[in-house]
Amino acid sequence: LQTMSGNEHDWLALKPQEPSPSQCCGGGCKPCIYDVYEKELAQWERAKAKQDKSLLMEKKEQSNNSELNPDTFTAFSISSVEQLTEDTYQYRFELPGNSSLCLSLGQHIVLRGAVNGLEVQRAYTPISPGNAEGYFEVLIKCYEAGLMSQYIKTWKKGDMVFWRGPFGGFPYQPNKHGELLMLASGTGLAPMLPILQSITDDEEDETFVTLVCCFPTFDKIYLKPLLQDLARYWNIRIFYVLSQETSLEELPWSYQENTYTGRLNEGLMKTIINSCRRRPFVLICGSSAFNEDMSRYLKAVGIEEDSCFVF
């Protein structure tokens, strides 16, 4: 066996590692983590062929500036951690100076975490307005067995966390749709909030919005004060569908008239769509099972795929 020279060994140590499937968030990001890997591998091969390590330096420089970048991860500091329900947290990250993430509506960013030596990536949608200055906020639900959740549960104020992006998004235009029907399950509320806030912030935007939030119980509804504020606007209606509540009697009276118990099924979908003031364009965000169910119910009540957008 030929022994590897010290130089060969150095080059191997610098070789980019191929991502494992758990690192791909599956969100159809451009570039995907695999695209980034291919690019870094090609860069490494060029540098090795020329035996010039300085050719590898460009990617290091990129991630030092504290701006979000789709190709490289950038570190952001956690400025506050707020627990909203037993398993859901709101995290605020600092942005340097008064800079802003400048996200388009509903765009997501990708988080990199490491658990037991395994790198994991997941996509999250900031809930702060895209033009918020000096900070951004993310709503995250932690799951008992989730790999990323184990990492997130260790976070505290001052920790540095790596993000890249932005990706995706819904190309929202004021007044393009007469009414938006937003169907959100749990943290699927996240991409809806920046769109809602852009509508309420723009006096010229007269789009009607019907937001349907699906949660297990009343206690598990996130961001109640924010939602109550939004519901005061003339063009915004908010309904709650609580799958594990059996009666509305225990709820505050201000919630009773716009809350349904049980699941959001085809019958309830029909009732909600019939109550819309105009023919709605539908935005859907939740688990893949929720998204599939909603698309099926919508089709059954005559709303086709070209009138829907799934985050």
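Parameters and conventions
Residues numbered from 1 in each chain as written. Predicted model: local features only at pLDDT ≥ 70, side-chain atom pairs only at ≥ 80, totals over all residues. Heavy atoms only, no water. Salt bridge = Lys/Arg side-chain N within 4 Å of Asp/Glu carboxyl O. Helix = DSSP H or I, 4+ residues; strand = E, 2+ residues; numbered from the N terminus. Buried < 20%, exposed > 50% of the residue type's maximum accessible area, 1.4 Å probe, protein only. Phe/Tyr/Trp six-rings, centres within 6.5 Å; stacked < 30°, edge-to-face > 60°. UniProt positions renumbered as here; feature names shortened; annotations may be inferred. Contact = heavy atoms within 4.5 Å. Domains from an automatic or database assignment. Buried area = accessible area lost by both parts, 1.4 Å probe. Polar contact = N/O pair within 3.5 Å; in protein donor to acceptor, adjacent residues only side chain to side chain. 1 Å grid on protein atoms, 1.4 Å probe; cavity = no way out; pocket = protein on both sides within 12 Å on 5 of 7 lines; lining within 4 Å. Points joined across faces, edges and corners; volume = space filled by probe spheres on them. Nonpolar A, V, L, I, M, F, W, Y, C, P; charged D, E, K, R; others polar.

Overall, the coordinates contain nine salt bridges when judged by the stated rule. Glu-8 serves as the salt-bridge partner of Lys-48, at 3.7 Å between the closest nitrogen and oxygen. A residue pair is termed long-range when its members are at least 10 positions apart, and Lys-48 in helix α2 (residues 33–49) and Glu-8 in helix α1 (residues 6–14) qualify at 40 residues. A salt bridge links Arg-92 to Glu-137, with the nearest nitrogen and oxygen atoms 2.9 Å apart. Within this pair, whereas Arg-92 is found in strand β2 (residues 88–94), its partner Glu-137 is found in strand β5 (residues 135–141), the two being separated by 45 residues in sequence. For Glu-137, a relative accessible area of 14% gives the class buried.

Bringing the packing of aromatic side chains into the picture now. Scanning all chains against the criterion turns up 18 aromatic pairs. Summarising the aromatic geometry, the rings of Phe-170 and Phe-281 are spaced 5.8 Å apart at their centres and angled 25 degrees between planes, so their arrangement reads as stacked. Note that Phe-170 is positioned in the loop between β6 (160–167) and β7 (179–185) and Phe-281 in strand β11 (residues 280–285), a separation of 111 residues in sequence. Like Phe-281, Phe-170 is buried. For the pair Phe-215 and Tyr-222, a centre-to-centre distance of 5.0 Å together with 90 degrees between the ring planes defines the contact as edge-to-face.

Following the UniProt record, the feature "binding site: FAD" (unreviewed entry) maps to Arg-122, Tyr-124, Leu-139, Lys-141, Met-148 and Ser-149 here. Spanning 28 residues, the named residues nonetheless gather at one spot, since no C-alpha pair among them exceeds 13.8 Å. With respect to the helices and strands, Tyr-124 occurs in strand β4 (residues 118–124). Each residue touching Tyr-124, except ones within four places of it in the same chain, is listed here: His-108, Ile-109, Leu-111, Val-138, Leu-139, Ile-140, Met-148, Ile-152 and Trp-163. Here Lys-141 shows up in strand β5. Setting aside anything within four residues of it in sequence, one finds Lys-141 in contact with Asp-87, Thr-88, Ser-149, Thr-187 and Tyr-222.

As assigned here, the protein comprises domain 1 (74–167) and domain 2 (179–310). Summed over both sides, the interface of domain 1 with domain 2 buries roughly 1,100 Å², with 74% coming from carbon and sulfur. For domain 1, the biggest contributors to the area lost against domain 2 are Leu-105, Ile-127 and Leu-139; these three give 39% of the whole. On the surface where domain 1 and domain 2 come into contact, there are one salt bridge. With a closest N to O distance of 3.5 Å, Lys-220 and Glu-86 form a salt bridge. At the boundary of domain 1 with domain 2, the tally comes to one residue pair in polar contact (both at pLDDT 80 or more). Breaking the side of domain 1 that touches domain 2 down by element, the ones donating at least two residues are β1 (74–85), β2 and β5. The biggest single contributor to the side of domain 1 that touches domain 2 is β5, with three residues.

The tally for this structure, following the rule as stated, stands at three cavities of 30 Å³ or more. There is about 50 Å³ of room inside the largest cavity. Lining the largest cavity are 11 residues, with Cys-25, Cys-29, Cys-32, Ile-33 and Arg-164 positioned closest to its centre. Grouping the amino acids of the lining of the largest cavity by side-chain chemistry returns five nonpolar, five polar and one charged.

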